[in-house]
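Spelled out from the first residue to the last, the chains are:
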Amino acid sequence: MSSIKIGVLGIQGDIEENILSTEETLKNQNLQGTVESVRYSESIAELDGLILPGGESTVIGNLLSIQGKVFQTIEKRITEGMPVLGTCAGLIMLSKRAYDKVVGETKQKLFGMLDVVIERNAFGRQHESFEVDLEIPILGKDLFRGIFIRAPIINNVGENVSILTKLNGKIVAVKQNNIIGTSFHPELSADRRLHELFIKDILEFSKN
Ligand code: GLN
């Protein structure tokens, strides 16, 4: 394939960091492609892959639902098999249900294709932000530096969901077919192996 088109949902959150880290991955792999902030249906309809960045999932959900067709277009593309990488708030957006550790049910707007239940802000105040080395077997033997910022954890995974890694027994990364979700922020560490996994899915998807 000639050139791949990756979008980063440009509503709220760490959009620029996601663009830069993905551009770097394409360059390292000698792949032709573009990475751009997207927020309109027309541009999302043309993508080969989409990143839902970290930020504040309630804000992203609210802003998205007042933007006409964007919400439905994203749902449709993911259902069609377009690869998507959701980190932190992006992971929450993909889940079928989310509740907050302190305030309980949040009744927020979610895409809902990822068959997991999310506990938001699950690491509590003392551990709002931290870094830790994770074992992620699908990425090889070397540990992966996970950067967690007011991170969620993943519960009740459905049978089509593979668990990629756990931290202290809690699931913090999963894959369900074309969907990758992480509680941590791979765009903020120097390791590009998760992006490579995402891009591998994109190359597979765009062959068809
Ligand atoms: N706590 C945020 C939320 O619940 C997620 C934090 C993040 O994306 N770094 O939406």
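Use the structure listed above.
Criteria and cut-off values
Residues numbered from 1 in each chain as written. Predicted model: local features only at pLDDT ≥ 70, side-chain atom pairs only at ≥ 80, totals over all residues. Heavy atoms only, no water. 1 Å grid on protein atoms, 1.4 Å probe; cavity = no way out; pocket = protein on both sides within 12 Å on 5 of 7 lines; lining within 4 Å. Points joined across faces, edges and corners; volume = space filled by probe spheres on them. Nonpolar A, V, L, I, M, F, W, Y, C, P; charged D, E, K, R; others polar. Patch = residues over 30% accessible without salt bridge, like charges linked within 9 Å, V, L, I, M, F, W, Y side chains within 5 Å. Areas by Shrake-Rupley, 256 points an atom, 1.4 Å probe, with all protein chains shown as cover. Salt bridge = Lys/Arg side-chain N within 4 Å of Asp/Glu carboxyl O. Lys, Arg positive; Asp, Glu negative; His and termini not counted. Charge placed at Lys NZ, Arg CZ, Asp CG, Glu CD. Helix = DSSP H or I, 4+ residues; strand = E, 2+ residues; numbered from the N terminus. Axes fitted to C-alpha atoms, helices over the stretch in contact; angles between N-to-C directions. Parallel < 35°, antiparallel > 145°, perpendicular 65-115°, else oblique. Contact = heavy atoms within 4.5 Å. Buried < 20%, exposed > 50% of the residue type's maximum accessible area, 1.4 Å probe, protein only. Arc of directions from axis to C-beta. Polar contact = N/O pair within 3.5 Å; in protein donor to acceptor, adjacent residues only side chain to side chain. Near = heavy atom within 4 Å.

Trainee: Kindly report on the layout of surface pockets, identifying the contributing residues and their values.
Mentor: Volume-wise, the largest pocket comes out at about 190 Å³. For the largest pocket, the full set of lining residues is Asp100, Lys101, Val102, Asn121, Ala122, Phe123, Gly124, Arg125, His127, Glu128, Arg150 and Ala151. Its residues assigned to classes, the lining of the largest pocket shows 4 nonpolar, 3 polar and 5 charged. The volume enclosed by the second largest pocket comes to roughly 160 Å³. As for the second largest pocket, its lining consists of 14 residues, of which Gly54, Gly55, Cys88, Ile149 and Arg150 are closest to the centre. Broken down by class, the residue content of the lining of the second largest pocket amounts to 4 nonpolar, 6 polar and 4 charged.

Trainee: Please give an account of a negative patch on the surface that cites residues and values.
Mentor: Taken together, the side chains of Glu16, Glu17, Glu23 and Glu36 make up a negatively charged region of the molecular surface. Counting residues per element, the negative patch draws most heavily on helix α1 (residues 15–28), which supplies 3 residues. Mapping glutamate 17 onto the fold places it in helix α1.

Trainee: For the packing of α1 against helix α6 (residues 193–207), give the residues involved together with the corresponding values.
Mentor: Interaxial distance between α1 and α6 falls to 10 Å at its minimum, and their mutual angle equals 70 degrees. Comparing the axis directions of α1 and α6 gives the class roughly perpendicular. The segment α1 lies against α6, with Ser21, Thr22, Thr25 and Leu26 engaging His195, Glu196 and Ile199. For the contact of α1 with α6, the residue count by class is 2 nonpolar, 4 polar and 1 charged.

Trainee: Can you explain helix α4 (residues 70–80)? Please cite residues and give values.
Mentor: Count 3.6 residues to each turn of an α-helix, and residues three or four apart come out pointing the same way. Where α4 is concerned, the buried positions are Val70, Phe71, Thr73, Ile74, Arg77 and Ile78. Summarising the axial view, the buried residues of α4 lie within an arc of 165 degrees, below the 170-degree limit, and thus occupy one face. For α4, the exposed residues lying more than 90 degrees away from the buried face are Lys76 and Thr79. Two residues or fewer past α4, glycine 81 is found with a positive phi of approximately 110 degrees.

Trainee: Tell me about the pattern of salt bridges, residues and numbers included.
Mentor: For the structure shown, the criterion picks out 14 salt bridges. Of the charged contacts, one joins glutamate 46 and lysine 5 as a salt bridge, the two residues approaching to 3.3 Å between their closest N and O atoms. You can see glutamate 46 sitting in the loop between α2 (41–44) and β3 (49–52) and its partner lysine 5 sitting in strand β1 (residues 4–9), a full 41 residues away along the chain. Looking at lysine 5, the relative accessible area reads 38%, which means it is partly exposed. Where glutamate 119 meets lysine 101, a salt bridge forms, and the shortest distance between an N and an O atom there is 3.9 Å. In this pair, glutamate 119 is assigned in strand β7 (residues 114–120) and lysine 101 in the loop between β5 (95–100) and β6 (104–105), connecting sequence segments 18 residues apart. Taken together, the shared-partner salt bridges connect Glu56, Arg120 and Arg150 into one network.

Trainee: Hey, could you go over the side chain of threonine 165 for me, with residue numbers and the actual values?
Mentor: Tracing the chain through its elements places threonine 165 in strand β11 (residues 162–167). Within the structure, the side chain of threonine 165 is placed 2.7 Å from the backbone oxygen of glutamate 135, a separation counted as a polar contact. Leaving out residues up to four positions away in the same chain, threonine 165 has contacts with Leu134, Glu135, Ile136, Lys170, Ile171, Val172, Ala173 and Phe184.

Trainee: Give a description of the site of the ligand that names residues and reports values.
Mentor: Inspection of the region around the ligand gives Gly54, Gly55, Glu56, Ser57, Cys88, Ala89, Ile92, Arg120, Asn121, Ile149, Arg150 and His185 as its neighbouring residues. Asparagine 121 is positioned with one of its side-chain polar atoms (N or O) 2.8 Å from a nitrogen atom of the ligand. Taken together, the residues that form the shell around the ligand break down as 4 nonpolar, 5 polar and 3 charged.

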